[in-house]
Amino acid sequence: MAAFGLTAMATAQVAMWTNAVTAGMALVGVALACAGTPQARREIVGYAVSVIVRHRFQGLARRTSMRTTRGRLPLVLRMSVEGASVLLLLGLRSGLSLELLEDYAAEIRTACLAQAVVFYQHPANGGLVTMEVVQPWGL
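On a predicted model such as this, the values are computed, not experimentally measured, just so you know.

Digging into the overall build of the protein
Counting secondary structure elements, the protein contains five helices and four strands. C-alpha extents for the protein along the principal axes are approximately 60 × 30 × 30 Å. Split into buried and exposed, the 139 residues of the protein put 31% on the buried side. Across the protein, contacts joining residues at least 24 apart in sequence account for 48% of those joining residues at least 6 apart. When the accessible surface of the protein is summed, it comes to about 8,700 Å², and 62% of that surface belongs to carbon and sulfur atoms.

Below, the structure is given as structure tokens:
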């Protein structure tokens, strides 16, 4: 957030000193320099893969019976990337269970092109499940 704010302020200052074209070129240069670093590329790719995994999981839940009787899907509360895995924190609604998700593990693995899917029940809250998707799309 701080880097984004400083970049925006610096771009506005360059635009006041010169013109908008020069400020735009400077902004594009900064963006390319940041995207050229390995850490930034890993972050961008990791975020893109986690969004794709979430999208594929929710699409699978829509097409199957992995939902409540009223048609509500499992709620994806958070996504994160750890190493070669994408972790999704799922909020299970009334009528959904860990056993139902485990029954669909093979379909989830196939939909996300992953090596494995592992589920972890939250120790204090039975309505929260962490789904670990191991190496989706060769992450």
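Some thoughts on the sheet that holds strand S1 (residues 75-82)
Strands sit in the order S1-S2-S4-S3 across an open sheet of four strands; the sheet is antiparallel. Both outer strands of the open sheet, S1 and strand S3 (116-121), are each paired with one neighbouring strand and no more. With direction set aside, neighbouring strand axes in the sheet form an average angle of 20 degrees. Two elements, S3 and strand S4 (residues 128-134), share six bridges in a ladder whose sense is antiparallel. Paired with Tyr120 across the bridge in S4 is Thr130. Of the strands in this sheet, S1, strand S2 (85-91) and S4 are in contact with helix H3 (residues 38-63), which crosses S1 at around 145 degrees.

Cut-offs used in this document
Residues numbered from 1 in each chain as written. Predicted model: local features only at pLDDT ≥ 70, side-chain atom pairs only at ≥ 80, totals over all residues. Heavy atoms only, no water. Helix = DSSP H or I, 4+ residues; strand = E, 2+ residues; numbered from the N terminus. Buried < 20%, exposed > 50% of the residue type's maximum accessible area, 1.4 Å probe, protein only. Contact = heavy atoms within 4.5 Å. Areas by Shrake-Rupley, 256 points an atom, 1.4 Å probe, with all protein chains shown as cover. Pairing = 2+ DSSP bridges. Axes fitted to C-alpha atoms, helices over the stretch in contact; angles between N-to-C directions.

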